[in-house]
Amino acid sequence: MAKIIDGKAIAKKLRAVVKAQTEQLKQKGVIPGLVVILIGNDPASEIYVRNKERAAEKVGVNARTIKYPASATEAEVLAKIEALNQDEQVDAILVQSPMPAQFNSEVIQAAISPAKDVDGFHPLNIGKLFANRSGYYPVANTPRGIMTMLKHEGVALAGKNILVVGRSILVGRPMFALLERANATVTLAHRYTPIDTLKLLAQQADVVIVATGVVNLIQGSDLKAGAVVIDVGINRLADGKLVGDVDFSSASQVASAITPVPGGVGPMTIATLLQTTVELAGQHHDIEMEQAWQNI
Ligand SMILES: Nc1nc2c(c(=O)[nH]1)N[C@@H](CN(C=O)c1ccc(C(=O)N[C@@H](CCC(=O)O)C(=O)O)cc1)CN2
């Protein structure tokens with residue numbers, strides 16, 4: 001039976017470190033400021049945004065949400081982003097995904113100043129990540145949170161065979177870059193990967209990370225014995241139950257460690273968002289931040 005990786009508990013430890021960092025910044029007169037832009041009325045997004053605000057308040061980050069109706073225009077949101085880019089009180093900006101159909105997410109993401117791009121979706125920050133540039137730049141919070149979880153669990157990555165399933169800008173692509181940077185051999189599978197190929201790749205992988213939104217895509221019988229399984233999927237079934245992209249009951253019989261849904265990757269996304277917010281505030285005010293989170 002696999003060890004269940006407790007994302008909630010790791011996120012709690014990370015938030016405690018972030019809170020201590022926020023207090024250090026406050027002693028220097030800096031209150032980290034986060035603005036979340038929510039467009040439309042996607043019920044899940046409303047919950048995530050509320051959870052971000054609550055978590056921010058607990059660690060001392062000054063967070064606020066700016067809401068737009070689903071009928072909002074790209075021009076009005078772009079004008080607001082431009083004003084926030086100029087606002088000295090704002091260190092971090094994000095626009096919650098998904099956005100309504102009339103929005104071009106590439107245009108919106110590129111409009112946020114790279115120095116305030118707390119999601120790490122700006123092409124400049126993505127380019128730096130893929131080029132493995134030195135220096136500080138924000139990286140997408142879900143894959144970064146997964147790296148923190150893997151480190152916390154003592155999962156060695158160098159030289160390991162890792163399969164990432166899903167190639168979104170939120171998870172799969174930055175996950176690939178972070179793992180490659182950690183000297184793993186990484187395969188990125190996606191919707192055009194034939195299912196037989198996917199299963200063969202999964203059987204060879206020491207670590208499998210799945211972010212597709214397809215319920216039960218990966219079964220225990222697909223996995224190598226002792227693999228580490230990270231399930232990023234959040235799928236709500238007709239009966240209201242939340243499940244991931246991995247069949248937890250069969251996979252947990254074969255894996256050595258596995259993240260549950262809920263309570264796995266999700267809580268790490270929000271804790272890591274706060275971590276990135278505080279780091280961006282430190283950058284803006286030229287304050288060196290101790291990387292204490294590495295030892296959580
Ligand atoms: N601009 C962004 N949009 C979205 C991101 C993102 O990182 N930036 N990620 C997701 C949504 N998300 C954060 O924004 C998020 C999703 C899920 C959770 C979470 O804690 N999930 C819980 C279950 C919650 C539930 O009941 O639904 C869990 O897994 O335990 C946190 C954050 C897409 N959009």
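Residues numbered from 1 in each chain as written. Predicted model: local features only at pLDDT ≥ 70, side-chain atom pairs only at ≥ 80, totals over all residues. Heavy atoms only, no water.

An unreviewed UniProt entry annotates the protein chain as Bifunctional protein FolD originating from Weissella oryzae. As stated in UniProt under Pathway (unreviewed entry), the record for the protein chain gives "One-carbon metabolism; tetrahydrofolate interconversion." (UniProt positions renumbered as here; feature names shortened; annotations may be inferred.)

Colleague: How should the site of the ligand be read in this particular structure?
Modeller: Neighbouring the ligand are 17 residues, the closest being K52, V95, S97, D119 and G263. Contact between the ligand and S97: a nitrogen atom at 3.0 Å from a main-chain N or O atom of the residue. Here the ligand has 690 Å² of accessible area as a free molecule, and 83% of this is covered by the chains. Elements represented by at least two residues in the shell around the ligand include exactly α2 (43–59), β4 (92–95) and α10 (265–284). Examining the composition of the shell around the ligand, we find that four residues originate from one element, α10, more than from any other. Taken together, the residues that form the shell around the ligand break down as nine nonpolar, five polar and three charged. Looking at the shell around the ligand, you find at least three residues from each of domain 1 (29–114) and domain 2 (141–266). (Near = heavy atom within 4 Å. Polar contact = N/O pair within 3.5 Å; in protein donor to acceptor, adjacent residues only side chain to side chain. Areas by Shrake-Rupley, 256 points an atom, 1.4 Å probe, with all protein chains shown as cover. Helix = DSSP H or I, 4+ residues; strand = E, 2+ residues; numbered from the N terminus. Nonpolar A, V, L, I, M, F, W, Y, C, P; charged D, E, K, R; others polar. Domains from an automatic or database assignment.)

Colleague: Would you mind showing me how to read the sheet that holds strand β8 (residues 228–231) here?
Modeller: Two modes of strand pairing occur in sheets, parallel and antiparallel, and in both the strands are linked by backbone hydrogen bonds. Judged by pairing direction, the sheet is parallel, and its six strands sit side by side in the order β1-β11-β8-β7-β5-β6 without closing on themselves. Whereas interior strands pair on both sides, the edge strands pair on one side only; in this sheet they are β1 (3–4) and β6 (185–189). (Pairing = 2+ DSSP bridges.)

Colleague: Help me out: how do you make sense of the nonpolar core in this one?
Modeller: For soluble globular proteins, the rule of thumb is that nonpolar side chains tend to be buried together. In this structure, I146, L150, L179, I209, V228, I230 and V232 are the most contacted members of the largest nonpolar core, which totals 57 residues. Sort the elements by how many residues they give to this core and α10 lands first, with nine residues. Counting the residues that make up this core, at least three belong to each of domain 1 (29–114) and domain 2 (141–266). With residues near it in sequence (within four places) discarded, I146 still touches M175, I209, I230, V232 and V265. Membership of the second largest hydrophobic core comes to 17 residues, among which are L163, V208, I218 and A251. (Core = buried A, V, L, I, M, F, W, Y, C linked by side-chain atoms within 4.5 Å. Buried < 20%, exposed > 50% of the residue type's maximum accessible area, 1.4 Å probe, protein only. Contact = heavy atoms within 4.5 Å.)

Colleague: Looking at this model, I keep getting lost on the sheet that holds strand β2 (residues 33–39). Mind explaining?
Modeller: Taken together, three strands build an open sheet; the order of strands is β3-β2-β4 and the sheet is parallel. Either end of the sheet is taken by a strand with one partner, and the two such strands are β3 (62–68) and β4. Here the average twist between neighbouring strands, direction ignored, is 15°. Pairing of β2 with β4, which is carried by four bridges, proceeds in the parallel orientation. By the bridge assignment for β4, L34 is matched with A92. Across the sheet, α2 is in contact with β2, β3 and β4; its angle to β3 comes to roughly 160°. (Axes fitted to C-alpha atoms, helices over the stretch in contact; angles between N-to-C directions.)

Colleague: Help me understand the confidence of the model for the protein chain, please; the structure alone is not making it clear to me.
Modeller: In low-pLDDT regions, the fine details of the predicted coordinates are not to be read closely. Confidence in the prediction of the protein chain, expressed as mean pLDDT, is 97, and 100% of residues score 70 or more. In the model output, the complex is listed with pTM 0.98 alongside ipTM 0.98. (pLDDT = per-residue confidence, 0-100.)

Colleague: How should I be thinking about the UniProt feature "domain: Tetrahydrofolate dehydrogenase/cyclohydrolase NAD(P)-binding" (unreviewed entry) in the protein chain in this particular structure?
Modeller: In this structure's numbering, the residues bearing the UniProt feature "domain: Tetrahydrofolate dehydrogenase/cyclohydrolase NAD(P)-binding" (unreviewed entry) are residues 141–283. Helix makes up 41% of residues 141–283 and strand 17%. Its end C-alpha atoms lie 17 Å apart.

Colleague: Before we go on, may I ask you to explain a positive patch on the surface in this structure?
Modeller: A contiguous patch of positive charge, built from R50, R54, K58 and K67, is present on the exposed surface. At three residues, the largest contribution of residues to the positive patch is made by α2. We classify R54 as partly exposed; its relative accessible area is 47%. (Patch = residues over 30% accessible without salt bridge, like charges linked within 9 Å, V, L, I, M, F, W, Y side chains within 5 Å. Salt bridge = Lys/Arg side-chain N within 4 Å of Asp/Glu carboxyl O. Lys, Arg positive; Asp, Glu negative; His and termini not counted. Charge placed at Lys NZ, Arg CZ, Asp CG, Glu CD.)

Colleague: Just checking my understanding: could you explain a nonpolar patch on the surface for this structure?
Modeller: On the surface, a nonpolar cluster with roughly 310 Å² of combined accessible area is contributed by M1, I4 and F248. Following the sequence through the fold, M1 ends up in the segment before β1. What makes M1 exposed here is its relative accessible area of 68%.

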